[in-house]
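Letter by letter, the chains look like this.
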Amino acid sequence: MSASTNSLSSHSPQSWQSVFINANIATMNDGAKSYGAMENAALAVSDGKIAWIGAMQDLVELNLADFPKLSVIDVSGQWLLPGLVDCHTHIVYGGHRANEFELRLQGASYEEVAKAGGGIVSTVKATRAASEEQLFNSALPRLNALQSEGVTTIEIKSGYGLDTETELKMLTVAKRLGEQPGIEVRKTFLGAHALPVEYADNADGYIDLVCNEMLPAVAADNLADAVDVFCEGIGFDIKQTERVFQAAKQHKIAIKVHAEQLSDLGGTALAAKYQALSSDHLEYLSEESIKAMQQADMAAVLLPGAFYFLRETKLPPIDRLREHGVAIALATDANPGSSPIHSIQLMLNMACTLFRLTPTEAIAGVTCHGAKALGLADNVGSLEVGKQADIAVFNVEQVAQLCYQYGVNPLASVYKAGVKIV
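Just so you know, these numbers come straight off a predicted model, no measurement behind them.

1. Things to note about the overall build of the protein
The helix and strand tally for the protein stands at 15 helices and 16 strands. A globule of 422 residues ought to have a C-alpha radius of gyration of about 22 Å, and the protein, at 22 Å, matches this closely. Judged by the C-alpha coordinates and their principal axes, the protein covers about 75 × 45 × 45 Å. Intrachain contacts of the protein at a sequence separation of at least 6 include 72% that bridge at least 24 residues. Working note: accessible area of the protein is about 16900 Å², and carbon and sulfur atoms make up 48% of it. The protein carries 31 positive and 48 negative side-chain charges, and their two centres are separated by 2 Å.

Written out as structure tokens, the structure is:
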């Protein structure tokens, strides 16, 4: 029986609002070691929290009909999982990049696309021009697509404004999206995503703007749960990255980093010194940096959608991450340029087929380890007594089916803090 199971004697059903019966439960309470599976089980909810988990036989002593206010949900052998977590997305932006996708497939180089006004410059231009309402209305279907596959917690980054006004606008939209039913949004300020055209030859000057104007404004309005930096040759160097980390610490905001995607600049090791929540992408991650991640208890966020869409060939160092016990999270990286994908279930399949993760590791990546990457592991990401009752119910016979098959959505229902959403 699960370590999170408590005896009925200490938890009166009179305090329960609902109970799931005849369930199979993947608690995900032991990381990627197993699903923490309990078959023929039950789970009770009280005040939006998980109040009890146990075997169905433990309910035999009760006559649930004696509790008329109790909602009894018979899932008839379906699998209960924690609400899924998409811990790295960029779903708030203006415009699209389908035109440059087509140009690249016709043979145009990245440089040629950029010179034609494509790349991040085009997204920044469209995002600056869009109103808050336009950004909200374009992002909402992307959010809905992820929710329809069982996502109950999501991170949304800024980074397509690259000026103070637009960065604040993006984060305000992310905040509004978090007010939609059934979703918790963690907002990440990614002002140090790329250089805007007005600072094309002045990266240090732009970092001044990020640290001295943007970040204070973001903090003053409480618009960010974390600060991120793209530490890369086409982004920002180690010194510039550290300046942003220092500013984030001054404002007592958590740190994340885009690092080691295209080269090894040491961004992950630097982030570890600042006790970052996660480092994301990581194809060129060194063993030294992996050890630093382990010591700092950071999560490694892998993004198979970007790997696939950019047709990358260098795999992240999965075996080394395993050897050093670093928690491996997965996310869609949903964005207009390198991963225009809004399916967490597709990420499960890609993580297994492209990165050779086991299904257990992949499911952990979008539950307990995804929550860890957002600093939320104490509240979501696993089904344990005392945690929030974020529950995704899937009509599958085995949990591995969520990774094995793609294109037929097996989601049956979703509960956020015990309230049915889907």
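2. A short note on the pairing of strand E11 (residues 278-281)
Here four bridges tie strand E10 (residues 254-259) to E11, and the two strands are oriented parallel to one another. Opposite Ala259, over in E11, you have His281 as the bridge partner. Crossover E10 to E11 through helix H8 (residues 267-273) is right-handed. As paired elements, E11 and strand E12 (residues 299-302) share three bridges and run parallel to each other. If you follow Ser279 over to E12, its bridge partner there is Ala300.

3. A few points about the domain arrangement of the protein
Here the protein is partitioned into domain 1 (13-82 + 383-420) and domain 2 (84-373). Opposite the 24 residues of domain 1 that make contact, domain 2 presents 25 residues. Taken together, the two surfaces of domain 1 and domain 2 that pack against each other cover about 1800 Å², and 68% of this comes from carbon and sulfur. Of all residues in domain 1, Cys403, Tyr406 and Lys416 give up the largest surface area on contact with domain 2, accounting jointly for 34% of the area buried on that side. Here Lys416 makes a salt bridge to Glu184, at a shortest N to O gap of 3.9 Å. Linking domain 1 to domain 2 there are five residue pairs in polar contact (both at pLDDT 80 or more). In terms of residues, the side of domain 1 that touches domain 2 owes the most to one element, strand E15 (residues 411-416), which gives four residues. The residue makeup of the side of domain 1 that touches domain 2, split by class, is 17 nonpolar, four polar and three charged.

4. Quick notes on the pattern of salt bridges
In the structure shown here, the tally under the stated rule is 19 salt bridges. Between Glu133 and Arg176 there is a salt bridge, and its shortest N-O distance comes to 3.0 Å. Taken together, the residues span a long stretch of sequence, with Glu133 in helix H4 (residues 132-147) and Arg176 in helix H5 (residues 164-177) at a distance of 43 residues. The exposure class assigned to Arg176 is partly exposed, which follows from its relative accessible area of 22%. A salt bridge links Arg186 to Asp225, with the shortest nitrogen-to-oxygen separation between them at 3.8 Å. Of the two residues, Arg186 is situated in strand E8 (residues 184-192) and Asp225 in the loop between helix H6 (203-220) and strand E9 (226-231); the sequence distance between them amounts to 39 residues. Exposure remark for Arg186: the relative accessible area of 22% places this residue in the partly exposed category. Each member of the salt-bridge network shares a partner with another, and the members are Arg97, Glu100 and Arg104.

5. A few points about the packing of H6 against helix H7 (residues 238-250)
In contact at an axis separation of 10 Å, H6 and H7 are set at 10 degrees when each is read in the N-to-C sense. Between H6 and H7, the interaxial angle falls into the category roughly parallel. Facing H6, whose interface residues are Ala203, Asp204, Ile207, Asp208, Val210, Cys211 and Leu215, H7 presents Gln240, Arg243, Val244, Ala247 and Ala248. For the contact of H6 with H7, the per-class residue count stands at eight nonpolar, one polar and three charged.

6. Some remarks on H4
The end-to-end C-alpha distance of H4, which contains 16 residues, comes to 22 Å, matching closely the 22 Å that a straight helix rising 1.5 Å per residue would cover. At Ala139, H4 shows its strongest bend, of approximately 25 degrees, with the proline Pro141 following within four residues. The set of residues buried in H4 consists of Leu135, Phe136, Ala139, Arg142, Leu143, Leu146 and Gln147.

7. Some points on the UniProt feature "binding site: 4-imidazolone-5-propanoate" (unreviewed entry) in the protein
In the numbering used here, UniProt assigns the feature "binding site: 4-imidazolone-5-propanoate" (unreviewed entry) to Arg97, Tyr160, His193, Gln261 and Ser338. Secondary-structure assignment places Gln261 in the loop between E10 and H8. If near-sequence neighbours (up to four positions away) are discounted, Gln261 is found in contact with Phe230, Glu232, His281, Leu282, Glu283, Tyr284 and Leu310. Relative to the assigned elements, Ser338 resides in the loop between strand E13 (327-330) and helix H12 (344-353). Residue Ser338 is classed as buried on the basis of its relative accessible area of 17%. When neighbours within four sequence positions are excluded, Ser338 is seen to be in contact with Gly305, Ala306, Phe309, Leu310 and Asp333.

8. Regarding the sheet that holds E13
The strand order across the open sheet formed by eight strands is E6-E7-E8-E9-E10-E11-E12-E13, and the pairing between neighbours is parallel. In this open sheet, the two strands that pair with only one neighbour each are strand E6 (84-86) and E13. Shown here is a sheet whose adjacent strand axes are inclined to one another by a mean of 25 degrees, direction ignored. Those strands touched by H6 are E8 and E9, and its axis lies near 150 degrees from that of E8.

9. Thoughts on a nonpolar patch on the surface
Residues Val419, Ile421 and Val422 make up a contiguous nonpolar surface patch of roughly 220 Å² in combined accessible area. Relative to the assigned elements, Ile421 resides in the segment after strand E16 (419-420). Classification of Ile421 by relative accessible area gives partly exposed; the value is 33%.

10. Regarding H7
With 13 residues, H7 extends 18 Å from end C-alpha to end C-alpha; this agrees with the ideal 18 Å at 1.5 Å per step. For H7, the full list of buried residues reads Gln240, Thr241, Val244, Phe245, Ala247 and Ala248. End-on, the buried residues of H7 take up no more than an arc of 160 degrees, which puts them together on one face. Structural note: H7 exposes Lys239 and Gln250 on the side pointing more than 90 degrees away from its buried face. Packing partners of the buried residues in H7 comprise E8, H6, E9, E10 and H8. At the N-terminal boundary of H7, the capping side chain belongs to Asp237, with an oxygen 3.2 Å from the backbone nitrogen of Lys239. The positive-phi residue at the C-terminal boundary of H7 is Lys252, with phi of around 55 degrees.

Reading guide: rules and limits
- Residues numbered from 1 in each chain as written.
- Predicted model: local features only at pLDDT ≥ 70, side-chain atom pairs only at ≥ 80, totals over all residues.
- Heavy atoms only, no water.
- Helix = DSSP H or I, 4+ residues; strand = E, 2+ residues; numbered from the N terminus.
- Rg over C-alpha atoms; globule rule 2.2 N^0.38 Å.
- Contact = heavy atoms within 4.5 Å.
- Areas by Shrake-Rupley, 256 points an atom, 1.4 Å probe, with all protein chains shown as cover.
- Lys, Arg positive; Asp, Glu negative; His and termini not counted.
- Charge placed at Lys NZ, Arg CZ, Asp CG, Glu CD.
- Pairing = 2+ DSSP bridges.
- Right-handed = clockwise from strand over helix to strand, strands pointing away.
- Domains from an automatic or database assignment.
- Buried area = accessible area lost by both parts, 1.4 Å probe.
- Salt bridge = Lys/Arg side-chain N within 4 Å of Asp/Glu carboxyl O.
- Polar contact = N/O pair within 3.5 Å; in protein donor to acceptor, adjacent residues only side chain to side chain.
- Nonpolar A, V, L, I, M, F, W, Y, C, P; charged D, E, K, R; others polar.
- Buried < 20%, exposed > 50% of the residue type's maximum accessible area, 1.4 Å probe, protein only.
- Axes fitted to C-alpha atoms, helices over the stretch in contact; angles between N-to-C directions.
- Parallel < 35°, antiparallel > 145°, perpendicular 65-115°, else oblique.
- Expected span 1.5 Å × (residues − 1).
- Bend = angle between axes of the 7 residues up to and from the residue.
- UniProt positions renumbered as here; feature names shortened; annotations may be inferred.
- Patch = residues over 30% accessible without salt bridge, like charges linked within 9 Å, V, L, I, M, F, W, Y side chains within 5 Å.
- Arc of directions from axis to C-beta.

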